[in-house]
Amino acid sequence: NDSMAMLYELHRRGEHFDEIVFYSNGMDFKAIYRLWEQVKAKFEPLGVVCTELKPDYSFTDKMFNILVKNRDGSGYHNGYRWCGGSCRWGTTDKNVLLDKYCEQKNAVVYVGIASDEMHRKPNKPYKIHPLKEWGYTQADCLKINRKNGIQWLEQTDSGKWVDLYDILDRVSCWCCANKNLWELYNIWYYFRNTYWQWLKDMQSRLDMPMKKFKNKKFGEYGNVFDLEKVFESGYVPKHRKKKE
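These numbers were taken from a predicted model, which means no experiment stands behind them.

Enquirer: What am I meant to see in the pattern of salt bridges here?
Expert: Pairing between side chains of opposite charge can happen when their charged atoms approach one another. Taken as a whole, this structure holds 14 salt bridges when the rule is applied. Linking Asp99 and Lys127 is a salt bridge whose minimum nitrogen-to-oxygen distance equals 2.9 Å. One end of the pair, Asp99, is in helix α4 (residues 89-104); the other, Lys127, is in strand β6 (residues 127-128), with 28 residues separating them in the sequence. Considered together, Asp99 and Lys127 belong to a single accessibility category, that of buried residues. Within the structure, one salt-bridge network assembled from shared partners comprises Asp99, Glu103, Lys124 and Lys127.

Enquirer: Sorry if this is basic, but what is going on with the packing of helix α7 (residues 181-190) against helix α9 (residues 224-232) here?
Expert: Between two packed helices, what matters for the description is the angle formed by their axes and the separation of those axes. The geometry of α7 relative to α9 is characterised by a closest axis approach of 11 Å and an angle of 80 degrees between their N-to-C directions. Between α7 and α9, the angle falls in the class roughly perpendicular. In this structure, α7 contributes Leu181, Leu184, Tyr185 and Trp188 to the contact, and α9 contributes Leu227, Glu228, Phe231 and Glu232. Considering only residue class, the contact of α7 with α9 consists of six nonpolar, no polar and two charged.

Enquirer: Quick question: what am I supposed to make of the packing of aromatic side chains here?
Expert: Where two aromatic rings form a pair, the distance of their centres and the angle of their planes describe that pair. Under the criterion given, the structure shown has 23 aromatic pairs. Here the aromatic rings of Phe29 and Tyr195 are separated by 4.7 Å at their centres, their planes lie at 65 degrees, and the arrangement is edge-to-face. Of this pair, Phe29 sits in the loop between β1 (19-23) and α2 (30-43) while Tyr195 is found in helix α8 (residues 195-203), placing the two residues 166 residues apart along the sequence. We note that Phe29, like Tyr195, is buried. Plain terms: the ring middles of Tyr195 and Trp198 are 5.1 Å apart, the flat faces sit at 90 degrees to each other, and that makes the pair edge-to-face. On the criterion of helical spacing, the pair formed by Tyr195 and Trp198 is a turn pair, its members being three residues apart in helix α8. Using a relative accessible area of 3% as the deciding quantity, one classes Tyr195 as buried. Under the relative-accessibility criterion, Trp198 is labelled partly exposed at 32%. By the ring-pair criterion, three or more aromatic residues cluster together here, those being Phe29, Trp174, Tyr185, Trp188, Tyr189, Tyr190, Phe191, Tyr195, Trp196, Trp198 and Phe231. Stacked on the ring of Trp134, the Lys or Arg Arg13 has its end atom at 4.1 Å from the ring centre. The positively charged end of Lys62 is found above the aromatic ring belonging to Tyr57, 4.8 Å away from the centroid.

Enquirer: How should the nonpolar core be read in this particular structure?
Expert: Soluble globular proteins tend to pack their nonpolar side chains together in the buried interior. The biggest cluster of nonpolar side chains holds 60 residues, and the ones touching the most others in it are Ile20, Trp82, Trp152, Leu164, Trp196, Leu199 and Phe231. At the level of elements, α1 (2-12), β1, α2, α3 (59-64), α6 (138-147), α7, α8 and α9 are the ones that each hand at least two residues to this core. Filtering out sequence-adjacent residues up to four positions away, Trp196 remains in contact with Leu184, Ile187, Trp188, Phe191, Val224, Leu227, Glu228 and Phe231. The next biggest cluster of nonpolar side chains, apart from the first, holds eight residues, and it includes Leu53, Val109, Val111 and Tyr126.

Enquirer: Even after reading the chapter, I still don't get the pairing of β1, so can you show me in this structure?
Expert: Put simply, side chains in a regular strand alternate between the two faces of the sheet. Sheet topology note: the β1/strand β2 (residues 49-53) ladder contains five bridges and is parallel. Among the inter-strand pairings, Val21 is bridged to a residue of β2, identified as Thr51. Handedness of the crossover joining β1 and β2 through α2: right-handed.

Enquirer: Looking at this structure, I do not really get α6. What am I missing?
Expert: Structurally, the α-helix is built with 3.6 residues per turn, so residues lying three or four positions apart point the same way. The set of residues buried in α6 consists of Gln138, Cys141, Ile144 and Asn145. Around the axis of α6, the buried residues are gathered within 115 degrees of arc, so they sit on the same side. In this structure, α6 carries Lys143 and Lys147 as exposed residues pointing more than 90 degrees from its buried face. Buried positions along α6 lie against α1 and α5 (130-134). Among the residues trailing α6, Gly149 stands out with phi positive, at a value near 75 degrees.

Scoring rules and cut-offs
- Residues numbered from 1 in each chain as written.
- Predicted model: local features only at pLDDT ≥ 70, side-chain atom pairs only at ≥ 80, totals over all residues.
- Heavy atoms only, no water.
- Salt bridge = Lys/Arg side-chain N within 4 Å of Asp/Glu carboxyl O.
- Helix = DSSP H or I, 4+ residues; strand = E, 2+ residues; numbered from the N terminus.
- Buried < 20%, exposed > 50% of the residue type's maximum accessible area, 1.4 Å probe, protein only.
- Axes fitted to C-alpha atoms, helices over the stretch in contact; angles between N-to-C directions.
- Parallel < 35°, antiparallel > 145°, perpendicular 65-115°, else oblique.
- Contact = heavy atoms within 4.5 Å.
- Nonpolar A, V, L, I, M, F, W, Y, C, P; charged D, E, K, R; others polar.
- Phe/Tyr/Trp six-rings, centres within 6.5 Å; stacked < 30°, edge-to-face > 60°.
- Lys NZ or Arg CZ within 6 Å of the ring centre and 35° of its normal.
- Core = buried A, V, L, I, M, F, W, Y, C linked by side-chain atoms within 4.5 Å.
- Pairing = 2+ DSSP bridges.
- Right-handed = clockwise from strand over helix to strand, strands pointing away.
- Arc of directions from axis to C-beta.

And the structure:
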């Protein structure tokens, strides 16, 4: 959302940029890859280079198979497990690869982080944050994208299309453990046969719950299979996104 708004707003303001860089670990919603094709179709004819960076490993292999040293030094376990919370290994890998690429080019980099999200990443001298300079919040960015006809369209189990920003607070990787209960409910509700099934497949290979939740009626839960039982019982989580 933020990066897309920044890109289109820079273009509208006549700001010059030579290259657009997209990082892909293969775990994004299909809508993201369709939007990347849309970006390339718009900007490549204008002479802008569109580059897709990928890690040199399989996301699922690192999640399940790579030997990882236990934090207490007691030995090793297989895989980094769920990405999120205090173990955002996927985000770290993305930032390392992007920084390395940009620094090798000695580039000045526009970074799409909204003014109300500047706490997310430390700054580097070659990085510019236009959204902060313009005072654009995440909500402002979404309005800009809507105005430009940008939609994060994903086909549901029923065959209908839904914009992911109508059912998710943040369109991160579909397997991100930072998703809240309302977001996970919507993934279960709309995509039971695809993304939700894939989450269950992942959980079946891990003893670590995706994320822990607490409820007076259901107690503590967080395993994807437990979540499914809670949702099937008729429980609909409240949307608790902070007000803009």
